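# Coordinate analysis (summary)
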Amino acid sequence: MTRNGAWYARVSFRKHAEDRRKPAPWRATSGTSSSSSSSTLASLLAALTAIVVTLAPARAAGGPFDVNDTTWEGCSEFLEIARAELGVARVHPVAVLDWSEVNAEDGVLVLHPLQTLDADETTAFMKAGGRLAIVDDYGRGDDTLRRFQIERIPTPARPVATLRNKPSLAIAEPVIDIVGGHSIGPHPVVSQVQRLVTNHATGLIHPNLSPVLRIRALGEPDVIVAVAGQVGKGRLFAMGDPSALMNMMLRYPGNRAFASGLARYLVDEDGAQGRKGRLYIVGNRFEEESSFGGETSLRKDFDAQVKALANAVEDARREGLPGGALLALAALAGLGLAIWTARASARPYRSPLPRYARPTPLVAQGGAAGRFAVLAAPSSPRGLAFLELKSALVEALAVRFGLEANPAPEAVTRLVAREGALDERALSAFKEVLATMYRVEASVVAGKPATVSRPALVHAADVVRKVLAACGADGRQPPRRAHPGAEVDRSAARPEAPPPQAGAKPVTPPPDKGAR
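Here the structure is a predicted model, which is why all the values come from computation and not from measurement. (Residues numbered from 1 in each chain as written. Predicted model: local features only at pLDDT ≥ 70, side-chain atom pairs only at ≥ 80, totals over all residues. Heavy atoms only, no water.)

With that settled, consider helix H14 (residues 424-445). In this model, H14 (22 residues) spans 32 Å end to end at C-alpha, consistent with the 32 Å of a helix rising 1.5 Å per residue. Where H14 is concerned, the buried positions are Leu 427, Phe 430, Val 433, Leu 434, Thr 436, Met 437, Tyr 438, Val 440 and Ser 443. Looking at the packing, one finds that the buried side of H14 touches helix H12 (382-401), helix H13 (409-420) and helix H15 (454-471). Within two residues after H14, Gly 447 carries a phi angle of roughly 85°, on the positive side. (Helix = DSSP H or I, 4+ residues; strand = E, 2+ residues; numbered from the N terminus. Expected span 1.5 Å × (residues − 1). Buried < 20%, exposed > 50% of the residue type's maximum accessible area, 1.4 Å probe, protein only. Contact = heavy atoms within 4.5 Å.)

Here it is as structure tokens:
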């Protein structure tokens, strides 16, 4: 991505915030944002984040708040000021902040971060004696500040002093510290500052941290734009206006003195205690790796990878995918479409069999086979098989002993007890199974099928088989009586007429008087 392309992407991300940040004499025409199609592809293809990370080109130097940018919105002059105050060897602008190389005497300056800082590392760094400065207004610095109970608030609508009568270019003044009722002067960062020109700053509020810079207002409360305080053995400095360190803003003496004081405060002497640490400067989009003190763990490495992946997705969502990633995704989509087309066109299709020639399913055939298929189907409830077993029992006993069509359970029990010669255990098991059969039948008739387990069904079938064999109703012996529904040959049972006796007159049938 070119330097102008990176600037356009950042303008798209900040939208009106960037336009508000620019003073009127230097305001330029903002470029167009990334195409909507790129953003849509980024949201739909979030699963291919690894490709995005791999194919994303390295960002060129330059852009807002970049210490390598020499334009009006860069911070290259601040880098020169810091090197002049501390020496070139002690100032390290980096794109990757390696916490294992940071010492307790070092300082870290974060300009307009676009991702959340590592909470564990920043806290451990300051507790060990390090100093951290977060200079941010509309970036992601508030995520880190919120962990230290620092909240952002708007600046006054009517400041007392402004540049060119613009409230967005309010003048901030140092706050005089008062301890025990005695004035001890301003904070070391602004000890040489009289007036500082802000540029669309945001206010900061904290109940305990010391105020450093404030914007006085007319008819409303003053607003603090910079605070500082102690965290463990270290220090935390927060300011709500990174634009105060831009190249064009550093032409004002107060802003230039503030830049010098901030560089010295982060790594140089603190009263009687000497500090000869290094100043690490990071800004915008940067990476963090390793752990402060060199101690790392598998969980830390995993969290770092997850955070890097989340940052890549967020970057792609806001700024769109790089050109290389779009080409790669387009090539993958085209390749996948070609493979699908080739497979679909070369796939052999079997001609469907006509409906009239298809075999009839066994379930639809009816009869004994169809009924068995219905009962044996996995989707059929076992209660149906239980009722079929009851019907077979009653029908076999009715054929053998001439029972009525729907006998009562007591009649069936007495018949089996009389004809089966079962022992007490077998008879008790039969009574229990028979009672269960009638209970299941009543449930089915009521529209609430009872649940029957497979072991209960197998046990009932075994009991019924034994009872029918004991009663001789298993089909091996002839029935004792005719089946109640069978037809009787009444001609065979009619008695023959006695032969006529000698001398008897034949009986003459009465004449049919109605016949003619």
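This part covers the packing of H12 against H15. Between H12 and H15, the least distance of the axes is 10 Å, while the angle of their chain directions is 5°. Viewed along their axes, H12 and H15 adopt a mutual orientation that is roughly parallel. Note on element contacts: H15 touches H12 through Arg 454, Ala 456, Leu 457, Ala 460, Ala 461, Val 464, Leu 468 and Cys 471, opposite Arg 382, Ala 385, Phe 386, Leu 389, Leu 393, Ala 396, Leu 397, Arg 400 and Phe 401. Looking at the contact of H12 with H15 residue by residue, the class counts come to 14 nonpolar, no polar and 3 charged. (Axes fitted to C-alpha atoms, helices over the stretch in contact; angles between N-to-C directions. Parallel < 35°, antiparallel > 145°, perpendicular 65-115°, else oblique. Nonpolar A, V, L, I, M, F, W, Y, C, P; charged D, E, K, R; others polar.)

Let us look at helix H8 (residues 253-267). Helix length check: H8 (15 residues) gives 22 Å between terminal C-alpha atoms against 21 Å at 1.5 Å per residue, within 8%. Within H8, burial applies to Gly 254, Asn 255, Ala 257, Phe 258, Ala 259, Ser 260, Gly 261, Leu 262, Ala 263, Tyr 265, Leu 266 and Val 267.

Turning our eyes to something else, we now look at the confidence of the model for the protein. Residue-level pLDDT values for the protein average 78, and 76% of them are 70 or greater. Between the elements of the protein, mean pLDDT differs from a low of 37, seen in helix H1 (residues 3-14), to a high of 96, seen in strand E10 (residues 196-197). Of the regions scoring below 50 in pLDDT, residues 482-497 engages in 3 contacts with residues more than four places distant in sequence or in other chains. (pLDDT = per-residue confidence, 0-100.)

For the rest of this paragraph, the subject is the packing of aromatic side chains. According to the stated counting rule, one finds 3 aromatic pairs in the structure shown. Ring centres of Trp 99 and Phe 125 lie 5.6 Å apart, and the angle between their planes is 55°; on these two criteria the pair is classed as tilted. In this pair, Trp 99 sits in the loop between strand E2 (96-98) and strand E3 (107-111) while Phe 125 sits in helix H6 (residues 119-127), placing the two residues 26 residues apart along the sequence. Relative to Phe 258, the ring of Phe 237 lies with its centre 6.2 Å away and its plane at 40°, an arrangement referred to as tilted. In this pair, Phe 237 is assigned in strand E14 (residues 234-239) and Phe 258 in helix H8, connecting sequence segments 21 residues apart. Taking the relative accessible area as the measure of exposure, Phe 258 reaches 0% and is therefore buried. These aromatic residues form a ring-pair network of at least three members: Trp 99, Phe 125 and Phe 292. For the cation-ring pair, Arg 131 lies above Tyr 265, with the distance from its terminal atom to the ring centre recorded as 4.7 Å. Between Lys 390 and the ring centre of Tyr 438, over which it is positioned, the NZ or CZ distance is 4.6 Å. (Phe/Tyr/Trp six-rings, centres within 6.5 Å; stacked < 30°, edge-to-face > 60°. Lys NZ or Arg CZ within 6 Å of the ring centre and 35° of its normal.)

Across soluble globular proteins, nonpolar side chains show a tendency to be buried alongside one another. In this structure, Leu 109, Leu 213, Phe 237, Phe 258 and Leu 262 are the most contacted members of the largest nonpolar core, which totals 49 residues. Sorting elements by how many residues they give to this core places H8 first, with 8 residues. Among residues more than four places away in sequence, those in contact with Leu 109 are Phe 78, Ala 133, Val 135, Leu 262, Leu 266, Leu 279, Tyr 280, Ile 281 and Val 282. Leu 415, Val 416, Val 433 and Val 464 belong to the second-largest nonpolar core, a separate cluster that totals 28 residues. (Core = buried A, V, L, I, M, F, W, Y, C linked by side-chain atoms within 4.5 Å.)

Time to look at the side chain of Asn 284. Within the secondary structure, Asn 284 sits in the loop between strand E15 (279-283) and strand E16 (287-289). Residue Asn 284 is classed as buried on the basis of its relative accessible area, which comes to 3%. Among the polar contacts made by the side chain of Asn 284, one reaches the main-chain carbonyl oxygen of Pro 64 at a distance of 2.6 Å. (Polar contact = N/O pair within 3.5 Å; in protein donor to acceptor, adjacent residues only side chain to side chain.)

Of all 5 residues making up E15, 4 are buried, and the element is well covered by its neighbours. Where strand E1 (residues 91-93) lies against E15, 3 bridges are found, and the strand directions are parallel. Across the sheet, residue Pro 93 finds its bridge partner in E15, namely Ile 281. Here E3 pairs with E15 via 5 bridges, running parallel. Looking at the pairing, Leu 111 lines up with Gly 283 of E15. (Pairing = 2+ DSSP bridges.)

Looking at the secondary structure, you find Asp 142 in helix H7 (residues 141-147). If near-sequence neighbours (up to four positions away) are discounted, Asp 142 is found in contact with Asp 136 and Arg 152.

In this section: the packing of H12 against H14. Two elements in contact, H12 and H14, have axes whose closest approach is 9 Å; the angle formed by their N-to-C orientations is 120°. With respect to H14, the element H12 is oriented oblique. For the pair H12 and H14, the sense of crossing is left-handed. Residues Gly 383, Phe 386, Leu 387, Leu 389, Lys 390 and Leu 393 of H12 touch H14, and the partners they reach there are Phe 430, Val 433, Leu 434, Thr 436, Met 437, Tyr 438, Val 440, Glu 441 and Val 444. Class assignment of the residues belonging to the contact of H12 with H14 gives a composition of 11 nonpolar, 2 polar and 2 charged. (Left-handed = near helix turned anticlockwise from the far one by under 90°.)

What follows concerns the pattern of salt bridges. Under the criterion given, the structure shown has 14 salt bridges. Of the charged contacts, one joins Asp 462 and Arg 465 as a salt bridge, the two residues approaching to 3.6 Å between their closest N and O atoms. Of this pair, Asp 462 and Arg 465 both sit in helix H15, 3 residues apart, which is roughly one turn of that helix. The class for Arg 465 is exposed, based on a relative accessible area of 53%. Connected via shared salt-bridge partners are Asp 136, Arg 140, Asp 142, Asp 143, Arg 146 and Arg 152. (Salt bridge = Lys/Arg side-chain N within 4 Å of Asp/Glu carboxyl O.)

Before going further, it helps to examine unusual backbone geometry. In this structure, His 112 is a non-glycine residue whose phi angle is positive, near 45°. One can find His 112 in the loop between E3 and H6. Here the phi dihedral of Asn 284 falls at roughly 55°; this positive angle occurs in a residue that is not glycine.

As a further point, take the pairing of strand E13 (residues 223-231). Of all the 9 residues making up E13, 7 are buried; the element is thus mostly covered by neighbouring parts of the structure. Taken together, the 5 bridges between strand E12 (residues 210-215) and E13 define a ladder with antiparallel strand orientation. Opposite Pro 211, over in E13, you have Val 227 as the bridge partner. Of the pairings in the sheet, the one linking E13 to E14 comprises 6 bridges and is antiparallel in character. Looking across to E14, one finds that Val 227 is bridged to Ala 238. Here E13 folds back onto E14 in antiparallel fashion, the turn holding 2 residues, of which Gly 232 has a positive phi close to 65°.

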